[in-house]
Structures are given as structure tokens and as C-alpha cells.
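Chain by chain, the residues:
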Amino acid sequence: MVAVPKIEVKSQEVHKYLMEFGWNIDKRRGKYPTKYNYNPSAREQFKLIAKEYCRMEEEKDERQYSTLLDGMARMNVGSRIEPRWNEVMKIGGDLLESGEYAAISGTSVLWNATQSPELKNGYLAQTMDEIRHTAQIGYLNSYMAKHTYDPAGHADARRVRYMNPLWRPCRRALVDGFCAGDPVECSLNLQMVAEACFTNPLIVGLTEWAAANGDEVTPTIFLSIETDELRHMANGYQTIVSIIHDQENHKYIQTDLDNTFWLQNKFITPFVGAVLEYGSVNKVEPWAVTWDRWVYQDWASMWLGRLAKFGIKTPRSMLEAKTEAYWSHHAAWQVATALWPLMMIRIEPPTEKDAAWFEKNYPGWYARYGVFYDVWKGMNYQDPSSNFIPYQWLMKNNVTVHVCRTCQMPTVSPDVYGGAKKARIVEYEGRLHAFCSNMCERMFFMEPERYHNQTTFFEEFDGWNLADIVEKFHGVRSDGKTLTSQPHLESKRMWTIDDLRAANCVIEDPLRKFQSVAIKH
């Protein structure tokens with residue numbers, strides 16, 4: 001039973017608080033007086049903006065993109081992007097586009113849910129922004145497909161992503177969370193957590209890494225998107241302020257905030273950290289430092305602190321999330337390497353230079369993670385003639401990778417051994433469930449109907465040969481045989497679908513081993 005805080009906030013008190021944001025026009029002398037007389041009761045012109053602005057904005061963006069494209073093509077900008085960075089942007093651009101697209105639906109849901117004209121204006125403005133952002137990310141993916149060294153993965157990401165084990169946790173956090181369920185939960189997911197918390201390291205922090213690796217296109221587009229995010233954060237803030245006066249709402253809001261933060265964190269934290277540190281040749285700063293600055297200090301302390309007067313607290317899982325921000329991206333990349341044929345990108349193992357940087361900034365990295373890459377390289381896993389996939393090594397050595405029923409992420413933090421020990425296997429209504437953390441288990445049993453019927457990647461593809469999965473989701477290049485995914489960046493020794501079939505790598509659902517030892521509920 002969750003304790004409901006006894007916070008009394010009267011509606012008049014909230015109204016007074018909102019009025020503090022007023023312009024005080026009657027009391028303030030204008031700095032720039034006019035000879036004309038304004039009507040002080042004039043109302044918003046937003047409906048005109050909504051009807052006309054979108055058309056003009058679309059035209060402006062198309063002209064901006066055309067001009068940008070022309071300039072970048074003449075300067076041959078695409079050739080300066082580090083190939084390794086180009087690869088991670090295939091998956092990064094695709095998943096971000098999914099989130100922006102879902103945000104269109106989410107803000108429409110919010111527009112429908114409120115009666116307040118001012119809130120409707122704010123939500124509708126955001127809907128227009130999200131349409132624009134979706135188009136901008138589409139432009140970015142299109143540019144990368146046409147002007148970088150390898151278009152495979154950029155050009156067909158929307159079709160190929162369904163074979164990627166990371167698509168499910170992404171969909172749970174960035175798609176379902178933004179537009180499905182209660183409208184206020186959508187606001188918490190999209191505006192209060194994703195945009196106010198994680199867009200700073202994702203969209204602002206990533207631009208520095210992109211520029212350091214020769215990518216001048218992504219910063220141009222991402223910083224244009226980020227200029228809209230403050231308006232979206234204000235929408236989330238205003239949503240909270242608009243519901244907090246009702247004591248009945250306090251039964252839900254803190255729990256919903258705790259849950260939305262945890263689900264977003266479980267996917268975004270390891271994903272962004274892996275993109276930055278493993279997708280870069282030139283590194284900027286440790287992801288753990290970036291996460292601490294933007295998530296822990298800025299969002300959890302300053303942004304949420306503004307809501308403390310209404311009884312809103314920092315999510316209960318913040319300290320656990322802070323610990324996971326140190327290791328989880330290393331473990332996620334390790335699993336991605338083990339299942340490289342499904343990742344729709346080329347994955348290069350860490351070089352000696354990378355390994356030295358990781359060990360310096362994450363003492364103990366080699367013992368936990370680096371040794372795996374050396375063992376797999378010793379088995380020549382990058383060469384098609386080896387007929388060897390690292391996932392087979394994990395299974396042969398009983399290194400179990402479960403997928404959490406609630407967040408859908410692999411249970412690998414702090415590392416693949418520790419994740420297997422930490423995972424809790426539970427039987428509920430005749431079905432086994434693996435949980436990566438106490439928080440995910442708690443969320444499941446608070447609302448089992450929400451998660452019980454979700455299938456994990458390993459359950460859906462139990463017994464499938466990797467080659468069959470790749471063929472089903474069109475994970476081959478235009479020649480019909482060379483895999484989109486590769487375990488290296490070279491133009492030679494490319495794996496084909498025949499090489500993958502010769503490896504005879506079959507997915508196994510690890511839950512089948514736990515039939516007799518699971519805890520029953």
C-alpha cells in the first residue's frame with residue numbers, strides 16, 4: 001500500500017501562484033511607449049497561428065533543409081563523419097524519430113483531456129512542434145543515408161528495427177509511454193521526464209560528441225529541436241500545477257512520477273551512454289559525469305525542487321538510477337555485441353585507445369567488460385569463416401541474459417554475471433517473469449494487468465535461428481545476401497546470410513531453465 005502524502009493545496013492558492021507569472025500590465029510602465037492604444041482585454045491569436053503557422057513553418061523548414069543540404073553537399077560534410085559515429089546514428093536517429101512521432105499523439109491526447117483554453121493552446125503548439133521534429137529527424141536520416149559511407153541501416157531502419165532487441169524497451173519508454181494510458185501519465189512521461197530530464201543529455205549533450213566526431217549535421221538539427229523543448233517543459237510543469245489542488249490526485253501523482261522516471265531511465269540511460277562512449281572515436285567526458293550534471297543535479301534537484309511546495313518528491317529510485325548510470329551502458333553494449341546480427345548497425349569492438357580511456361574513467365572496466373571482447377576477438381568472431389557468434393559463447397558458459405518483463409531491458413547491470421545473479425524469477429498466474437530490479441518487480445505487482453501479457457524478445461523468438469530472424473525482418477542489404485549488421489567497419493570480410501546460417505546460432509529463452517525454482521505468487 002503506497003502512503004499518500006497529506007498535502008493540502010487549495011485551488012485558490014494554485015490560482016494565486018499562477019498569477020505570479022502574469023505580466024502586471026496595468027502596474028508596469030512600458031519601456032517603449034506607443035502612440036496607439038492597445039485594448040487590454042485582447043485575447044489570444046493562437047488559433048490564427050495554428051491555422052496558418054504550420055503551413056509557413058513547413059515551407060521554412062523545407063527551404064532551410066534544402067539550403068543546408070546544398071551547402072553540406074558542396075563541402076562534402078558527410079565524408080568527415082567518423083564511420084563509427086555514423087553507425088550509432090543509424091539506431092539513434094531511428095529511435096528518436098519514433099519518440100517524436102509518438103509525441104504527436106501524446107500531445108493530442110492531452111489537448112483532448114483538458115478544458116482549459118490556455119492549456120489547450122500549449123498542447124496544440126507542442127503538437128505542431130512534434131510534427132516539425134519528426135520531419136527534421138526524417139531529414140537527418142535521409143541526409144545520412146545519401147551522404148555517408150554506408151547507407152544500409154539509415155535507409156531501411158523503420159523496417160529493420162523490429163528484429164532489434166532494443167526496440168521493445170525503446171517502444172515501452174518512448175512510444176507507449178508518450179501516448180498510451182492516462183493523459184496525465186502521458187504528460188509525466190513526455191514532458192516532465194523525457195523532455196525536462198533526458199533531452200538535455202540526449203539532444204544538448206550529444207551535439208558536442210557529434211561535432212567532436214566530424215558530424216556537423218546532427219548538432220544543427222538537434223539544437224533547432226531543443227529550442228522548442230523549454231516550451232514543452234513548461235507544458236509539463238503547468239499540467240502538474242493544474243491538477244495539484246485536488247487531494248484525490250495526490251493518490252496517483254507521486255507513484256506515477258516514480259514509475260515513469262524509472263521506465264525512461266532503464267532505456268535512455270544505457271542507450272545514450274553507449275551511443276556516446278562506444279560510438280565515438282573522440283570522446284568528450286564520461287557519461288556518468290554528464291548524467292550526474294543533467295539528471296541528478298539539474299532535474300532532480302532544481303527542476304523538481306520547484307514542485308516541492310506541492311508535495312512532489314524526487315523519484316524513490318534516483319540513487320539506484322545514479323548507480324546504474326555508471327555501468328549499465330557498458331553492459332548494454334556488451335549484449336549488443338553478443339547479438340550483433342540483430343542490431344542493424346556495424347559494431348566495432350573497443351580499440352586499445354578506447355580500452356585505456358574506459359579503464360581510466362571507469363576503474364575496473366577491463367575486468368568486468370574488456371576481457372569479454374578479448375576472448376571473443378581471440379575466437380575470431382569478426383571473420384565470417386569463424387562461424388561463431390558471441391551470443392553462443394554466453395550460452396555455452398552459462399552467462400544468462402534475461403529480459404525484464406516490466407522494462408523489457410536485458411537484466412545485465414552492473415554486468416552480465418551480476419545481472420544474472422540480481423535477476424529475480426517469479427511465477428505469476430502460471431507464467432514465469434524475470435525482473436531486473438526491485439522497482440520493476442514492484443511496478444509489475446501494482447498493475448500486473450499492464451505487464452503480464454507483454455512478451456519478451458527471448459520468448460517470442462525462442463528456438464529461432466538468427467538467420468531466420470534476419471530474413472523475416474529484411475536485415476540484408478540491396479544485394480539480398482550481405483547482412484546490414486556487421487561486427488566490424490571494414491569493406492571486406494562482410495558477413496552474408498549464408499555465413500550466419502552456417503553459424504547455426506539459435507535463440508534460447510532462459511526462463512525455461514527456471515521452471516522448478518521460481519517463486520510463486
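As the structure is a computational prediction, the values presented were derived from the model and not from experiment.

Undergrad: Any chance you could break down the overall build of the chain for me, citing the residues and the numbers?
TA: Assigned secondary structure in the chain consists of 20 helices and three strands. Taken over 521 residues, the chain has a buried fraction of 57%. Long-range contacts, defined here as pairs at least 24 residues apart, represent 79% of the contacts in the chain between residues at least 6 apart. For the chain, the accessible area works out to roughly 23,900 Å², and carbon and sulfur atoms hold 54% of it.

Undergrad: Now, about the packing of helix α9 (residues 253–278) against helix α10 (residues 287–303): what can you tell me, with residues and values included?
TA: Closest axis-to-axis distance for the α9/α10 pair is 10 Å, and the angle between their directions is 145°. As for the relative orientation of α9 and α10, their crossing is right-handed in sense. Between α9, through Phe261, Asn265, Thr269, Val272, Gly273, Leu276 and Glu277, and α10, the contact on the second element is made entirely by Trp287, Trp291, Val295 and Trp299. Split into classes, the residues belonging to the contact of α9 with α10 amount to seven nonpolar, three polar and one charged.

Undergrad: Kindly report on the side chain of threonine 337, identifying the contributing residues and their values.
TA: As for its position among the elements, threonine 337 is in helix α11 (residues 318–338). Beyond its immediate chain neighbours, meaning those up to four positions away, threonine 337 contacts Ile347, Tyr373, Trp376, Tyr381 and Pro390.

Undergrad: How would you sum up the packing of helix α4 (residues 117–147) against helix α7 (residues 183–212)? Please name residues and give values.
TA: The relative placement of two packed helices comes down to the angle between their axes together with the axis-to-axis distance. Closest axis-to-axis distance for the α4/α7 pair is 14 Å, and the angle between their directions is 55°. One finds that α4 runs oblique with respect to α7. In terms of crossing hand, the pair formed by α4 and α7 is left-handed. Of the residues in α7, those touching α4 at Tyr123, Gln126 and Glu130 are Leu190, Gln191 and Glu195. Across the contact of α4 with α7, the residue classes tally to two nonpolar, two polar and two charged.

Undergrad: Report on the pairing of strand β1 (residues 424–428), specifying residues and quantitative values.
TA: Most of β1 sits out of view: four of its five residues are buried. In this structure, β1 lies alongside strand β2 (residues 431–435), joined through five bridges in antiparallel fashion. Bridged to glutamate 427 within β2 is leucine 432. Between β1 and β2, which follow one another and run antiparallel, lie two residues, and glutamate 429 among them has a positive phi close to 50°.

Undergrad: Tell me about the side chain of aspartate 94, and please be specific about residues and values.
TA: Note that aspartate 94 resides in helix α3 (residues 83–113). When its relative accessible area of 1% is taken as the criterion, aspartate 94 is described as buried. Residues within four places of aspartate 94 in sequence aside, it is in contact with Met89, Asn141, Ala157, Arg158, Arg161 and Met344.

Undergrad: I'd like a description of the pattern of salt bridges, backed by residues and values.
TA: Side-chain pairs of opposite charge can arise where the charged atoms are in close proximity. Under the definition given, this model contains 30 salt bridges. With a shortest N-O distance of 2.1 Å, lysine 322 and aspartate 292 are connected by a salt bridge. Note that lysine 322 is positioned in helix α11 and aspartate 292 in helix α10, a separation of 30 residues in sequence. Lysine 322 gets classed as partly exposed once you look at its relative accessible area, which sits at 31%. Each of Glu87, Lys90, Asp150, Arg346 and Arg477 takes part in a single network of salt bridges with overlapping partners.

Undergrad: Run through empty space enclosed by the protein, naming residues and quoting values.
TA: Using a probe with the size of a water molecule, rolled over the atoms, empty space left in the structure can be pinpointed. Scanning all chains against the criterion turns up ten cavities of 30 Å³ or more. Only α3, α6 (167–179) and α7 provide two or more residues apiece to the lining of the largest cavity. Tallied by class, the residues present in the lining of the largest cavity amount to ten nonpolar, two polar and four charged.

Undergrad: Got a sec to walk through the state of the cysteines? Specific residues and values, please.
TA: A full pass over the atoms with the stated rule returns zero disulfides. Cysteine 186 carries a free sulfur, and the closest cysteine sulfur to it, the one in cysteine 179, is 6.5 Å from it. Here cysteine 440 stays free of any disulfide, with the sulfur of cysteine 404 as its closest cysteine sulfur at 3.7 Å. Here cysteine 440 falls in the buried class, since its relative accessible area comes to 0%.

Undergrad: Report on the packing of aromatic side chains, specifying residues and quantitative values.
TA: In total, this model carries 30 aromatic pairs according to the counting rule given. A ring pair is formed by phenylalanine 457 and phenylalanine 461, whose centres lie 5.1 Å apart and whose planes are at 45°; its orientation type is tilted. Of the two residues examined, phenylalanine 457 and phenylalanine 461, each falls in the buried class. Aromatic rings pair up to connect Tyr278, Tyr326, Trp327, Trp333, Trp357, Phe358, Tyr362, Trp365 and Tyr369 into one cluster. Lying across the ring of tryptophan 111, lysine 120 places its NZ or CZ 3.8 Å from the centre.

Parameters and conventions
- Residues numbered from 1 in each chain as written.
- Predicted model: local features only at pLDDT ≥ 70, side-chain atom pairs only at ≥ 80, totals over all residues.
- Heavy atoms only, no water.
- Helix = DSSP H or I, 4+ residues; strand = E, 2+ residues; numbered from the N terminus.
- Buried < 20%, exposed > 50% of the residue type's maximum accessible area, 1.4 Å probe, protein only.
- Contact = heavy atoms within 4.5 Å.
- Areas by Shrake-Rupley, 256 points an atom, 1.4 Å probe, with all protein chains shown as cover.
- Axes fitted to C-alpha atoms, helices over the stretch in contact; angles between N-to-C directions.
- Left-handed = near helix turned anticlockwise from the far one by under 90°.
- Nonpolar A, V, L, I, M, F, W, Y, C, P; charged D, E, K, R; others polar.
- Parallel < 35°, antiparallel > 145°, perpendicular 65-115°, else oblique.
- Pairing = 2+ DSSP bridges.
- Salt bridge = Lys/Arg side-chain N within 4 Å of Asp/Glu carboxyl O.
- 1 Å grid on protein atoms, 1.4 Å probe; cavity = no way out; pocket = protein on both sides within 12 Å on 5 of 7 lines; lining within 4 Å.
- Points joined across faces, edges and corners; volume = space filled by probe spheres on them.
- Disulfide = S-S within 2.5 Å.
- Phe/Tyr/Trp six-rings, centres within 6.5 Å; stacked < 30°, edge-to-face > 60°.
- Lys NZ or Arg CZ within 6 Å of the ring centre and 35° of its normal.

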